[in-house]
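Structural description and commentary
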Amino acid sequence: IILFEKPIFKQFHAMQGQLEQKIMNQISTYFRKQNKYGPEKINVAILDEQFICVAISGLLTPFLKDLIGRKEEALFIERLFIEEGKDILNQILISHYAGQQQDPFIHFDKYEDKLIIISSLSSLIWEEFLEKMSTLD
């Protein structure tokens, strides 16, 4: 079964790498301004010019790591980083793709200290993707 007209994979060319590097720098700057603590590692992949995947690790400060053991604080910290993920995603989409995406996948694993963001690059791309997927049923 062919799900996509073109395969979804990371394209390897200079312009793609430069954009991914700009986005990584933007994410790093954002978290340093927000939390006075930058991520240890950031990976960005633009998949077939349709989707963006971002993996960020090492966001928790030593103080926040200590709070993770408490249930109420752990939930607050998780929600905080999910909201920050939504905010940085919107900034990326507006500055590089002139749009915002509804319902991206954003998850913060407080035990692994990783924030994962997966989103289409525009609402139009997402709607077209969903339409194609619905015709496969």
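Quick note: structure is the one above.
1. With respect to the overall build of the protein chain
From N to C terminus, the protein chain includes four helices and four strands. Beginning at the N terminus, the succession of helices and strands in the protein chain can be written as α-β-β-α-α-β-β-α. Looking at the protein chain as a whole, 40% of its 137 residues are labelled buried. In the protein chain, once contacts between residues fewer than 6 apart in sequence are set aside, the share between residues at least 24 apart is 59%. Looking at the protein chain as shown, the accessible area adds up to about 8,700 Å², and 56% of this sits on carbon and sulfur atoms.

2. Notes on the pairing of strand β4 (residues 114-120)
One ladder, built from seven bridges, connects strand β2 (residues 51-57) with β4; its direction is antiparallel. By the bridge assignment, Ala55 is partnered in β4 with Ile116. Examined bridge by bridge, strand β3 (residues 105-109) and β4 share five bridges and lie antiparallel to one another. When the sheet's bridge partners are listed, His107 is paired in β4 with Ile116. Here β3 folds back onto β4, and the loop between the two strands holds four residues, one of which, Asp113, carries a positive phi near 60°.

3. Let's talk about the packing of aromatic side chains
Per the counting criterion, the structure on display carries two aromatic pairs. Where Tyr30 meets Phe31, the ring centres are 5.1 Å apart and the plane angle is 90°; that geometry is what we call edge-to-face. Phe31 shares its class with Tyr30; the two are buried.

4. Some words on the side chain of Glu78
Structurally, Glu78 can be placed in helix α3 (residues 71-97). Overall, the relative accessible area of 18% leaves Glu78 in the buried class. Discounting chain neighbours no more than four positions away, the residues touching Glu78 are Phe108 and Lys110.

5. As for α3
Across its 27 residues, α3 extends 38 Å between first and last C-alpha, which sits within 8% of the 39 Å expected from 1.5 Å per residue. Where α3 is concerned, the buried positions are Ala74, Ile77, Glu78, Phe81, Ile82, Glu84, Gly85, Ile88, Leu89, Ile92 and Leu93.

6. Observations regarding the sheet that holds β3
The strand order across the open sheet formed by four strands is β1-β2-β4-β3, and the pairing between neighbours is antiparallel. Single-partner strands in this sheet number two, and they are β1 (41-47) and β3. Sheet twist, expressed as the mean angle between neighbouring strand axes with direction ignored, is 5°. Against the sheet, α3 touches β1, β2, β3 and β4, its axis set at about 40° to β4.

7. Brief notes about the pattern of salt bridges
If you walk through the whole model with that rule in mind, you get two salt bridges. One salt bridge connects Lys110 with Glu78, and the closest N-O pair in it is separated by 2.7 Å. Of the two residues, Lys110 sits in the loop between β3 and β4 while Glu78 sits in helix α3, which places them 32 residues apart along the sequence. Residue Lys110 is classed as buried on the basis of its relative accessible area, which comes to 17%.

Cut-offs used in this document
Residues numbered from 1 in each chain as written. Predicted model: local features only at pLDDT ≥ 70, side-chain atom pairs only at ≥ 80, totals over all residues. Heavy atoms only, no water. Helix = DSSP H or I, 4+ residues; strand = E, 2+ residues; numbered from the N terminus. Buried < 20%, exposed > 50% of the residue type's maximum accessible area, 1.4 Å probe, protein only. Contact = heavy atoms within 4.5 Å. Areas by Shrake-Rupley, 256 points an atom, 1.4 Å probe, with all protein chains shown as cover. Pairing = 2+ DSSP bridges. Phe/Tyr/Trp six-rings, centres within 6.5 Å; stacked < 30°, edge-to-face > 60°. Expected span 1.5 Å × (residues − 1). Axes fitted to C-alpha atoms, helices over the stretch in contact; angles between N-to-C directions. Salt bridge = Lys/Arg side-chain N within 4 Å of Asp/Glu carboxyl O.

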